[in-house]
Amino acid sequence: TMAHPKALLVLENFIGGKFVPCSCYIDSYNPSTGDVYCRVPDSGKEEVEAAVKAAKDAFPIWSSKSPLERSQILNKLADLIEHDLEAFAQAESKDQGKTITFARTVDIPRAVYNFRFFASSILHHTTECTEMATMGCVHYTSRTPVGVAGLISPWNLPLYLLTWKIAPAIACGNTVVAKPSEMTSVTAWMMCKLLEKAGVPHGVVNVVFGTGAKAGEALVGHPDVPVISFTGSTLTAQRIVEKSALYCKRLSLELGGKNPAIVFDDADLAQCIPTTLRSSFANQGEICLCTSRIFVQRGIYSEFLKNFVAEAKKWKVGNPSDPTVSVGALISKEHLEKVRSYVKKAQAEGAKVLCGEGVDSLALPADNQKGYFMLPTVIAEVKDESCCMQEEIFGPVTCVVAFDTEEEVIRRANSVKYGLAATVWSSDVGCVHRVARRLQAGLVWTNCWLVRDLNLPFGGMKASGIGREGAKDSYEFFTEVKTITIKH
Ligand code: NAD
């Protein structure tokens, strides 16, 4: 007798408060085993059309609720996700390849917090008012939701980044059509199951699963979706700008990075090294904010490099569900090949690979032999012009180079097309201020990394994006402002 084939998880679109099957599906892989374990709807124009219609129909009721009513619903949804935190974390880890520890401590808690944060912040906005006594006028501004928002998110922090868009959009009174990455759709689908219980009216949150080329473009090109919030690659963003130009849509674009860490001679290495290891390799290096160019001042270069490589070798790679593992699987076979090819190119150019890919051997558990794993890799003696120092690799690969002066390092750090994040390590406050001010990056962390206050703007300069997200920024993005003048 034949062995029972493993039952596949089959997802459905969530439209107008109902789960609806799709006529065709895409295979989704478990990155830690290489097996197909899930089928994701391959939605297109038709499904997007139905979702936009549901969102449009729900808009009048949702937008006329008070901020307090919406806030209570968002808080309830946060509670429900938190109640199922472990199930969400397990699902995110299996679907994405990230470690269970990361999903438990970062992804899902942050998804919960995204709803709580915007549930709170929506209660505290005020609008502007000015008085023009000589004309007998007062002017004030009024803000109203825009309409149906299209939300498109990537695969690296699936529920975390999707909820970072859904929460502010619906808190402001918009209704949404969301399209998660076709490679990581499971937690968004799980969240849909909680919406009704949280009190989210039908049609306020619609989720359409599928590829960027089909579902994503149908959403971007839909005339009734005036606002698109996108997080993903710079290449895709260019396509979205083109596709939406016909309708002059309002766009928020959170894109890639090539983030420098600048380590001055007076840095506290006891803090800098562990944090820079995390900023380079956390979530397999698949975070837009990950460090991938480390500039170390000449005086401590050798000491830094020796310790950094020794510590990098201690990061355990393996089964993501093993709580002692710090590096899980990369998202896909294609992505793993792409990341590896950068290491090969660096070697061909004469750079030195000090640990990881091609240098150390990777021992994997029997079940994970076909998974997409890679060791944390450190490259030195690489030229600034090299593709490894210019392009976003988005994997566990980081380059370490030496510098001499402040002026020089600012110039070199800024010499890439991206401008998302940077870290600066020094105990000289004056130096930290001077350098932070001159770096072309939307976020500069000094003597730390990834410490976030969601109140403040998040986003990138140059090819890293357009617009910012945060308490005030997201509120402004997801509302229309009107100036009203009253003459007495
Ligand atoms: P991607 O651009 O390939 O895909 C992102 C999303 O866009 C997916 O849902 C995809 O299906 C969709 N998409 C693809 N083509 C589309 C099209 N033509 N029209 C509409 N939608 C389309 O990015 P990815 O590989 O999923 O994610 C990795 C990238 O995201 C990296 O560059 C990373 O730096 C970036 N990122 C940025 C931030 C940030 O906040 N700045 C955060 C996380 C990730």
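On a predicted model such as this, the values are computed, not experimentally measured, just so you know.

**Concerning the UniProt feature "active site" (unreviewed entry) in the chain**
- Mapped onto this structure's residue numbering, the UniProt feature "active site" (unreviewed entry) falls at Glu-254.
- Residue placement: Glu-254 occurs in strand S12 (residues 250-254).
- Among residues more than four places away in sequence, those in contact with Glu-254 are Phe-230, Thr-231, Gly-232, Phe-458, Gly-459, Gly-460, Ser-464, Gly-467, Arg-468 and Glu-469.

**Digging into the nonpolar core**
- One finds Ile-81, Phe-115, Ile-166, Val-205 and Leu-289 to be the most contacted residues of the largest nonpolar core, which totals 76 residues.
- Sequence-distant contacts of Ile-81, that is, excluding residues within four places in its chain, are made with Phe-88, Ile-108, Val-112, Phe-115, Met-191 and Leu-194.

**As for the UniProt feature "domain: Aldehyde dehydrogenase" (unreviewed entry) in the chain**
- Under the UniProt annotation, the feature "domain: Aldehyde dehydrogenase" (unreviewed entry) is placed at residues 26-484.
- This span, residues 26-484, is 41% helix and 21% strand, and a straight line between its end C-alpha atoms measures 50 Å.

**Section: the sheet that holds strand S4 (residues 25-30)**
- Across the sheet, which stays open at both edges, the 3 strands sit in the order S1-S5-S4 with mixed pairing between neighbours. The two strands at the open ends of the sheet, each matched to only one other strand, are strand S1 (9-10) and S4.
- The sheet contact formed by S1 and strand S5 (residues 35-41) spans 2 bridges and is parallel. In the strand pairing of S5, Val-10 is matched with Arg-39.

**Things to note about the environment of Gly-147**
- By the secondary structure assignment, Gly-147 is in the loop between strand S7 (137-145) and strand S8 (148-152).
- Residue classification places Gly-147 among the buried residues on the basis of a relative accessible area of 9%.
- Separated by 26 residues in sequence, Gly-147 and Gly-173 have C-alpha atoms that sit 8.0 Å apart.

**Examining empty space enclosed by the protein**
- Applying the stated criterion across every chain, the model contains 3 cavities of 30 Å³ or more.
- Empty space within the largest cavity amounts to approximately 100 Å³.
- Considering the residues around the largest cavity, the lining is formed by 15 residues, among which Gly-285, Cys-290, Ser-292, Glu-392 and Phe-394 are closest to the centre.
- Residue composition of the lining of the largest cavity, by class: 6 nonpolar, 7 polar and 2 charged.
- Size it by volume and the second largest cavity reaches roughly 80 Å³.
- Considering only residue class, the lining of the second largest cavity consists of 9 nonpolar, 4 polar and 3 charged.

**Points about helix H11 (residues 333-348)**
- The first and last C-alpha atoms of H11 sit 22 Å apart over 16 residues, in line with the 22 Å expected at 1.5 Å per residue.
- Looking only at H11, the buried set comprises His-335, Leu-336, Val-339, Tyr-342, Val-343 and Ala-346. Projected down its long axis, H11 shows its buried positions confined to an angular sector of 115 degrees, all on one face. Residues of H11 that are exposed and angled more than 90 degrees away from the buried face: Lys-333, Glu-334, Lys-344 and Ala-348.
- Directly beyond the C-terminal end of H11, a positive phi value near 100 degrees is found at Gly-350.

**Some words on a nonpolar patch on the surface**
- Together, Leu-8, Val-10, Tyr-29 and Val-36 line one region of the surface with nonpolar side chains, adding up to about 300 Å² of accessible area.
- Relative to the assigned elements, Val-10 resides in strand S1.

**Regarding the side chain of Asn-368**
- Looking at where Asn-368 falls in the secondary structure, it is placed in the loop between strand S15 (352-355) and strand S16 (377-380).
- A polar side-chain atom of Asn-368 sits 3.5 Å from a polar atom in the side chain of Asn-319.
- Other than its neighbours up to four places away in sequence, Asn-368 contacts Ser-32, Thr-33, Asn-319 and Phe-373.

**Remarks on the site of the ligand**
- For the ligand, the set of nearby residues contains 29 residues, the closest of which are Ser-153, Trp-155, Thr-236, Leu-255 and Glu-392.
- Interatomic distance of 2.8 Å between a side-chain N/O atom of Glu-182 and an oxygen atom of the ligand.
- Leu-255 is positioned with one of its backbone polar atoms (N or O) 2.8 Å from a nitrogen atom of the ligand.
- Mapped onto the shell around the ligand, the elements with two or more residues apiece are helix H7 (212-220), strand S11 (227-231) and helix H8 (234-245).
- In terms of residue class, the shell around the ligand is made up of 12 nonpolar, 11 polar and 6 charged.
- When residues of the shell around the ligand are assigned to domains, at least three fall in each of domain 1 (9-256 + 464-487) and domain 2 (259-446).

**What to know about the side chain of Thr-398**
- Turning to its location among the elements, Thr-398 is positioned in strand S17 (residues 397-403).
- For Thr-398, a relative accessible area of 0% translates into the label buried.
- Excluding residues that lie within four positions of it along the chain, Thr-398 makes contacts with Ser-280, Phe-281, Thr-291, Ser-292, Arg-293, Ile-294, Phe-308, Thr-377, Val-378 and Ile-379.

**Examining the pattern of salt bridges**
- Here the structure, examined in full by the defined rule, presents 26 salt bridges.
- Asp-224 is the partner of Lys-56 in a salt bridge, and the nearest nitrogen-oxygen pair spans 3.2 Å. Of this pair, Lys-56 sits in helix H1 (residues 45-63) while Asp-224 sits in the loop between H7 and S11, placing them 168 residues apart in sequence.
- The exposure class assigned to Lys-56 is partly exposed, which follows from its relative accessible area of 42%.
- Between Glu-407 and Arg-438 there is a salt bridge, and its shortest N-O distance comes to 2.9 Å. In this pair, Glu-407 is assigned in helix H13 (residues 406-413) and Arg-438 in helix H14 (residues 429-438), connecting sequence segments 31 residues apart.
- Classification of Arg-438 by relative accessible area gives partly exposed; the value is 41%.
- Taken together, the salt bridges that share partners define one network made up of Glu-217, Arg-239, Glu-242 and Lys-243.

Here is what the cut-offs are and how they apply
Residues numbered from 1 in each chain as written. Predicted model: local features only at pLDDT ≥ 70, side-chain atom pairs only at ≥ 80, totals over all residues. Heavy atoms only, no water. UniProt positions renumbered as here; feature names shortened; annotations may be inferred. Helix = DSSP H or I, 4+ residues; strand = E, 2+ residues; numbered from the N terminus. Contact = heavy atoms within 4.5 Å. Core = buried A, V, L, I, M, F, W, Y, C linked by side-chain atoms within 4.5 Å. Buried < 20%, exposed > 50% of the residue type's maximum accessible area, 1.4 Å probe, protein only. Pairing = 2+ DSSP bridges. 1 Å grid on protein atoms, 1.4 Å probe; cavity = no way out; pocket = protein on both sides within 12 Å on 5 of 7 lines; lining within 4 Å. Points joined across faces, edges and corners; volume = space filled by probe spheres on them. Nonpolar A, V, L, I, M, F, W, Y, C, P; charged D, E, K, R; others polar. Expected span 1.5 Å × (residues − 1). Arc of directions from axis to C-beta. Patch = residues over 30% accessible without salt bridge, like charges linked within 9 Å, V, L, I, M, F, W, Y side chains within 5 Å. Areas by Shrake-Rupley, 256 points an atom, 1.4 Å probe, with all protein chains shown as cover. Salt bridge = Lys/Arg side-chain N within 4 Å of Asp/Glu carboxyl O. Polar contact = N/O pair within 3.5 Å; in protein donor to acceptor, adjacent residues only side chain to side chain. Near = heavy atom within 4 Å. Domains from an automatic or database assignment.

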